[in-house]
Amino acid sequence: MNEAKKKYGQNFLTDKNLLQKIVKDSFLDNKTVIEVGPGRGALTEYICQYAKKVIAFEIDSDLKQYLDKLEQKHENLKITYQDFLKVDLNTIKIKENLDQEVILIGNLPYYITTPILFKFIETPFLKQATIMIQKEVAERISSKPNLKTYNALSVIVQYQAEVKKIMNVSRKLFSPVPKVDSIVLNILKKENIDNAFLNLFTTFVKASFTQKRKTLINNLHDFFNIPKTVIEEFLIKNGFEPNARAEQLSITDFERLTKEWSNLLK
Ligand code: SAM
């Protein structure tokens, strides 16, 4: 058996009950699924039993020796050996004739959890994700304001999706054992989110949190190059203190401020 590669965040799952529960709680029946990092195929095996079609992306072609057998066994499985972050999902959607609503699944490699999450959020046809991620990131995604864990990811994800914790997973269930525990999250995108507004919202939130210790005025000034006096007036007009910080704002505050900000930019 090949040694697990640390540089690719390879911590494999073996517990059959856990694997089955993840797949059951993802409601995959007859759905199209994209899996990130099938590894040796432990989770993939169960996904293929329920889903209509499974497209998996694995960066490490040394794992082909395990995955080839699985691909022969399941007609609905197609594995591509590619970096998921470099995959053009819109091209894949057309080439593979994917459904309008696709589910993303993965026991994610820890070193790229956040960029994978952003790719999910920014790809409209990915409607739902069931992902196993490190506990700390899961806590950030579901965080409320005024907590250390609250950041741009918390706001951007919660604005457009319902986040549900499925279960805690002890590090002991992985091989090799990682340094952190994990959580399985289910993220379901909300209907009727306006994509044009979402782009501005995402930019505004990312700009607001650029440097967490800085005030909103400084972060917005650095990012948009708008005079601080104009931003100060904007904040006061909208009921915020001039020294307000991004971490104090609720998701509704960000929504309201983004709308006002778009008027300011006109
Ligand atoms: N799904 C398997 C399991 O649960 O046992 C493996 C999970 S392991 C935590 C993460 C997997 O993602 C590894 O197989 C690793 O090689 C793969 N991986 C790492 N970086 C990747 C990337 N950029 N694109 C696609 N797969 C990646």
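Engineer: Tell me about the environment of F209, and please be specific about residues and values.
Structural biologist: Take F209: it is sitting in the loop between α8 (195-208) and α9 (216-224). Look at F209 and you get buried, because its relative accessible area is 8%. Through-space distance from the C-alpha of F209 to that of G41 is 38 Å; in sequence the pair is 168 residues apart. Setting aside residues no more than four positions away along its own chain, F209 makes contact with Y150, N151, A152, V155, N219, A246, E247 and F254.

Engineer: Just give me the short version of the site of the ligand, but keep the residues and values in it.
Structural biologist: Within the structure, the ligand sits among 23 residues, and G37, E58, D83, N107 and Y111 are positioned closest to it. Within the side chain of Y111, an N or O atom sits 2.8 Å from a nitrogen atom of the ligand. For the ligand, the accessible surface in isolation is 590 Å², of which the surrounding protein chains cover 99%. Its atoms largely coinciding with the cavity grid, the ligand occupies the largest pocket.

Engineer: Just give me the short version of the pattern of salt bridges, but keep the residues and values in it.
Structural biologist: Using the criterion set out here, one finds 12 salt bridges in the structure. For D60, the salt bridge is made with K5, and the minimal N-O distance between the two is 2.9 Å. Of the two residues, D60 sits in the loop between β3 (53-58) and α3 (64-73) while K5 sits in the segment before β1 (12-13), which places them 55 residues apart along the sequence. Taking relative accessible area as the criterion, D60 reaches 4% and is therefore assigned buried. Two residues, K64 and D68, come together in a salt bridge whose shortest N-O distance is 3.3 Å. Residue K64 and its partner D68 are located together in helix α3, separated by 4 residues, close to a single helical turn. Judged by relative accessible area, which is 36%, K64 ranks as partly exposed. In this structure, a network of salt bridges that share partners links the residues K5, D60 and D62.

Cut-offs and rules
Residues numbered from 1 in each chain as written. Predicted model: local features only at pLDDT ≥ 70, side-chain atom pairs only at ≥ 80, totals over all residues. Heavy atoms only, no water. Helix = DSSP H or I, 4+ residues; strand = E, 2+ residues; numbered from the N terminus. Buried < 20%, exposed > 50% of the residue type's maximum accessible area, 1.4 Å probe, protein only. Contact = heavy atoms within 4.5 Å. Near = heavy atom within 4 Å. Polar contact = N/O pair within 3.5 Å; in protein donor to acceptor, adjacent residues only side chain to side chain. Areas by Shrake-Rupley, 256 points an atom, 1.4 Å probe, with all protein chains shown as cover. 1 Å grid on protein atoms, 1.4 Å probe; cavity = no way out; pocket = protein on both sides within 12 Å on 5 of 7 lines; lining within 4 Å. Sits in = over half its atoms within 2 Å of the grid points. Salt bridge = Lys/Arg side-chain N within 4 Å of Asp/Glu carboxyl O.

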